[in-house]
Structure formats: C-alpha cells, structure tokens
Amino acid sequence: MALSGTTLLRRAILERGRVEGTLLKVDDFLNHRVEPALIGAVGDDLAARFAPAGPQVVLTAEASGIAPALACALALAVPMVFAKKYLGPGGRDVYSREVFSPTRGMEYRVEVARRVLAPGERVLVVDDFLAGGRTAEALGEIAEEAGCPLTGLAFVIEKTFQDGRRRLEAHGWRVEALARVTSLEGDRVALED
C-alpha cells in the first residue's frame, strides 16, 4: 500500500528538512529541487481535502508555490494560474497587491492578469508555506476582487507559531495544511500530530 502524501511529506521534513534560524529549509525535496513522487502525492492530498468544494482553478504565487499548485491542479483536473512577482510600479491590466516579505526584508507586488480569472470561477489558493500569510492573503483578495468565490487556502507546510492562519481565517476563509510545524527550536523540527 502506498503511503499518503502527508506521511511522505512529514517523513521528508523530519529526515531532510534543515532549520536555519527561523526558517525551515525544504529546498532539497519540495521547493527548489522537487521530487516528482512526493509532490504528486502532496498534490493528491491537497486536492482530496478541497475536491468537495469544487474548485475550478488553482491560484498560487511564483516561484515556490508552483510545484504543489500544479500537482494539486493535476489531481483536480483544473487549470493553474500563478501570480507573478514584481518590484517597482505596476500599471498593467491586472489584479495586484503589495506584499511585504519578512524573509527577504522587502516589499513586492503580486499580479494576476485579469483575463486568466473568470468572474464566478471557484478558486483554490495553494502555496508551499503558511507563515505570516501575507502572500496568501493577497491572493485571496485578488480572487475576491476578480469575482471568484474562494473555496479555501491549502498549504503544504504551516508554521503554527506565526500568525498566518489567524490572518487568513479573519477573512472567513477555510485554511488547511498537510504538515503543521509547532517549533524550530534547537535546530529541531517539531510537527503537530
């Protein structure tokens, strides 16, 4: 019997994730070097959680959200859209939001071309990490501005000790994560059971 994506993910995090300060580095298997079997199984698990809500498109932000979002979209048999990140002024025919990244210590803009989200299309936001929730919040707001009902926000990994979930749930949005990290203290990863 094949292991679930969640089980494979948890095993990979505990065995190969690296703690660097307040960051959990999973770039050896999830968001830089991507293992197809793992990301496929993760996409299946994310899709299974939201399939009953009937998402019609998966929305993410470049670049590290693309792999899990594409895997989820494949499992749901729906298109995937990724918001592009830019520095500097906008002005294109887009939906956009400014987002501050504490990881990078800078502000950037996420943009989605208006033509790729049809009003009324049910949107599922998928990303690799939920920490502060700023990017996911921007994507949820873009979906709503486009007239697209938000079926929820799905994350591969959530840092429960940051305020991302609270930020997103304050909008009334459904939030799910496959692996919930409760601590990165002492260079060790602690996962919620």
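Our subject is the structure that appears above.
The structure contained in this document is the topic of the report that follows. What you are looking at is a predicted structure, and each value in this text was computed from that prediction instead of being measured.

1. Let's talk about the overall build of the protein chain
- Scanning the protein chain for helices and strands turns up five helices and ten strands.
- Computed over the C-alpha atoms, the radius of gyration of the protein chain is 16 Å, within 12% of the 16 Å expected from 2.2 N^0.38 for a compact globule of 193 residues.
- The principal-axis extents of the C-alpha atoms in the protein chain amount to approximately 45 × 40 × 30 Å.
- Intrachain contacts of the protein chain at a sequence separation of at least 6 include 60% that bridge at least 24 residues.
- Of the roughly 9300 Å² of accessible surface on the protein chain, a fraction of 49% belongs to carbon and sulfur atoms.
- In the protein chain, 24 positive and 27 negative side-chain charges are present, and the distance between their average locations comes to 2 Å.

2. Comments concerning the packing of aromatic side chains
- Throughout the structure, instances matching the rule amount to zero aromatic pairs.
- Above the plane of the ring of Y95 lies R114, whose end atom (NZ or CZ) is 4.2 Å from the centre.

3. A few points about the sheet that holds strand β6 (residues 106-113)
- If you walk across this open sheet you meet the eight strands as β5-β6-β4-β3-β7-β8-β9-β10, and the pairing is mixed. Each end of this open sheet is capped by a strand with a single partner; those strands are β5 (94-101) and β10 (190-191).
- Sheet topology places strand β8 (residues 150-159) next to strand β9 (residues 175-183); six bridges connect them, and they run parallel. Its bridge partner being in β9, E158 is matched across the sheet by R180.
- Strand contacts of helix α1 (residues 5-16): β8, β9 and β10, with the helix running at about 25° to β9, the strand carrying the most contacts.

4. Focus: the pairing of β9
- One crossover worth recording links β8 to the parallel β9 by way of helix α5 (residues 164-169), and it is right-handed.
- Strand direction decides the pairing type here: β9 and β10, joined by two bridges, are antiparallel. Residue pairing for β10: V181 is matched across the bridge by L191.
- With antiparallel pairing between neighbouring strands as the criterion, β9 and β10 make up a hairpin whose turn holds six residues, including G186 at a positive phi of roughly 65°.

The rules behind the values
Residues numbered from 1 in each chain as written. Predicted model: local features only at pLDDT ≥ 70, side-chain atom pairs only at ≥ 80, totals over all residues. Heavy atoms only, no water. Helix = DSSP H or I, 4+ residues; strand = E, 2+ residues; numbered from the N terminus. Rg over C-alpha atoms; globule rule 2.2 N^0.38 Å. Contact = heavy atoms within 4.5 Å. Areas by Shrake-Rupley, 256 points an atom, 1.4 Å probe, with all protein chains shown as cover. Lys, Arg positive; Asp, Glu negative; His and termini not counted. Charge placed at Lys NZ, Arg CZ, Asp CG, Glu CD. Phe/Tyr/Trp six-rings, centres within 6.5 Å; stacked < 30°, edge-to-face > 60°. Lys NZ or Arg CZ within 6 Å of the ring centre and 35° of its normal. Pairing = 2+ DSSP bridges. Axes fitted to C-alpha atoms, helices over the stretch in contact; angles between N-to-C directions. Right-handed = clockwise from strand over helix to strand, strands pointing away.

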